[in-house]
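Observations on chain architecture
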Amino acid sequence: MMLVKEEQDKKKGELSYLNGEIIRVEGLNAWYGKNHVLKDINISINSNCVTAIIGPSGCGKSTFIRCLNRLHELVPDARVEGKVLLDGVNIYDEGIDPTEIRRRIGMVFQKPNPFPNMSVKDNVLAGLKFSGMKDRKKLDEVLRSCLEKAFLWDEVKDKLDLSGASLSGGQQQRLCIARALAVEPEVLLMDEPCSALDPTATAKIEELIISLKREYTVVVVTHNMQQASRVADYTAFMYLGKIIEYDKTTKLFENPREELTERYITGKFG
Amino acid sequence: MARLLDIGLEKLNGMLTEMAGISRDAVGLAISAYSEGEKGERVKEMAARLRVLHNEVSELAMELLARYQPVASDLRFIKACMEISYGFFRFGRYAYDIIEVLDIFGDLSRCDHTIVLETAKRVQEMIDMSINAFVNRDILAARKIPEMDDFVDEKYRENLRAVLRGSEKGLKCHLSATLILRYLERIADHASYIAESVVYIVSGQIE
């Protein structure tokens, strides 16, 4: 038992300085009312890496990433304790503007949610326009750059004034990613971004995720373990509100340390 | 609840168990043929069967990988099965090669069989231990096998030194002994690889 503990401590130490961490989570607990959903989460997210969060339904994956950009607190009765350090600064400290945090740590949701009454162009530029940017040349540059980064430019360059809702599901999801990129985030959180998409659209999003890590840090929640093994550099397995194991993806999927992880990823759970 | 993958893994395990038995018998028969001057046609049939089974194991392993994308211990088992299957196939192939030597060289009854039979005894022990380690997933037994390989390597080198000194009587005797010792030495290596695969299945460690 002691050996396992020592091994875990050693592993934690190894992971803490990999590739330069951008987010460090310390003693994070979260509640919905009296329901204690996250229990003492400690993890370092490395910059310019893709980190996948896997685990059974209800284990706290989505809540966890919603705590990383203070979306969790928008839910009535929701409460958070502990620290989330973004570049060394606790995003829950007094005086920190949650809107600015959500700009720096963007979110893409399970279901594509373009603004239905806006054009493709306005969807991408909405954040910048809300923040007061009016320089048309700059806006056009951002539009093209973000749609290119989202692998969408070639498909929509002649449809920029059409409604965002007129695009296919996969295109809408990439539009949402382009929209998130427009405000120049450092981290992109993705909550099951492919669960509503067909295999072709999923493949495009996965390719996009891998491409994005050159400039951004990506944290993706997924139920699809093959997806985690395809796109993620690191994977965390969560169960009942705790992180059971966190390691390099290849290690976690080939030789997990924890019996619980082994049982979950091999489908022997429950 | 049994998983669909389990059906395939059990089949794979059964095929390897069959290969284990055939390959052990093939090497045993080849050694008997050398010491007793018997014909080795049965060994050739066994080697052919091992080749077929090895191909079937590879196909099944690929199918399981493609269909179920296994991970963790399932993935390690399938990966190791491909390695172990190759080991059993090579046991058969080297048994076949020993019979080929006997066919080419003819009567070896006047040769001194001591060093070959001493080596063969140890190699057969290694085969038995590697098979038992696989069947029982016994990493303690598996870890002992590579140590036994040193004895076989030393016998092979000892024979080569004797040949170079010219102490062996007759070209036929020392050439046949050298070739057979070489095949035994390779079998011992594959027994060690099988043992390493067993350790990998159980612990995930590559030694």
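Everything here concerns the structure above.
All of the points below concern the structure found in this document. (Residues numbered from 1 in each chain as written. Chains lettered and ligands numbered in written order. Predicted model: local features only at pLDDT ≥ 70, side-chain atom pairs only at ≥ 80, totals over all residues. Heavy atoms only, no water.)

**Thoughts on the overall build of chain A**
A tally of helices and strands in chain A yields 11 helices and 10 strands. For 270 residues, the compact-globule estimate of 2.2 N^0.38 gives 18 Å, and chain A sits close to it at 19 Å. Relative to its full complement of 270 residues, chain A shows a buried share of 49%. For chain A, long-range pairs separated by at least 24 residues make up 67% of all intrachain contacts whose partners lie at least 6 apart in sequence. Here chain A displays about 12800 Å² of accessible surface, and carbon together with sulfur accounts for 51% of that area. Counting 38 positive and 39 negative side-chain charges, chain A places the centres of these two groups 2 Å from one another. (Helix = DSSP H or I, 4+ residues; strand = E, 2+ residues; numbered from the N terminus. Rg over C-alpha atoms; globule rule 2.2 N^0.38 Å. Buried < 20%, exposed > 50% of the residue type's maximum accessible area, 1.4 Å probe, protein only. Contact = heavy atoms within 4.5 Å. Areas by Shrake-Rupley, 256 points an atom, 1.4 Å probe, with all protein chains shown as cover. Lys, Arg positive; Asp, Glu negative; His and termini not counted. Charge placed at Lys NZ, Arg CZ, Asp CG, Glu CD.)

**Focus on the pairing of strand β4 (residues 78-86) of chain A**
Residues and elements named next belong to chain A. One ladder, built from 8 bridges, connects strand β1 (residues 21-32) with β4; its direction is antiparallel. Bridge pairing in β4 places V25 opposite V84. Two elements, β4 and strand β5 (residues 89-90), share 2 bridges in a ladder whose sense is antiparallel. Of the residues in β5, the one forming a bridge with L85 is N90. (Pairing = 2+ DSSP bridges.)

**Some words on the state of the cysteines**
Evaluation of the coordinates by the stated rule reveals 1 disulfide over all chains. Note on cysteine connectivity: B:C111 is disulfide-linked to B:C173, with sulfurs 1.9 Å apart. Residues B:C111 and B:C173 are joined by a disulfide whose S-S torsion is about -85°; by sign, that bridge is left-handed. Of this pair, B:C111 sits in the loop between α3 (72-105) and α4 (114-136) while B:C173 sits in helix α6 (residues 171-203), placing them 62 residues apart in sequence. Classification of B:C111 as buried rests on a relative accessible area of 11%. We note that A:C49 lacks a disulfide partner, and the nearest cysteine sulfur, in A:C194, lies 19 Å from it. Free of any disulfide, A:C176 has its nearest neighbouring cysteine sulfur in A:C194, separated by 12 Å. The class of A:C176 is buried, set by a relative accessible area of 4%. (Disulfide = S-S within 2.5 Å.)

**What about unusual backbone geometry?**
Positive phi, normally seen in glycine, also occurs at A:D87, with a value near 50°. Along the chain, A:D87 falls in the loop between β4 and β5. Owing to a relative accessible area of 46%, A:D87 belongs among the partly exposed residues under this scheme. Phi at B:R137 is positive, roughly 50°, even though this residue is not glycine. Exposure remark for B:R137: the relative accessible area of 28% places this residue in the partly exposed category.

**Side note on the pairing of strand β3 (residues 50-54) of chain A**
All names here are of chain A. In terms of burial, β3 is largely enclosed, as 5 of its 5 residues are buried. On β3, burial covers both faces: V50, A52 and I54 on one face and T51 and I53 on the other are all buried. One ladder, built from 4 bridges, connects β3 with strand β8 (residues 217-221); its direction is parallel. Looking at the pairing, I53 lines up with V221 of β8. Across 4 bridges, the pairing between β3 and strand β9 (residues 234-239) is parallel. If you follow T51 over to β9, its bridge partner there is Y234.

The values are spatial; any link to function lies outside them.
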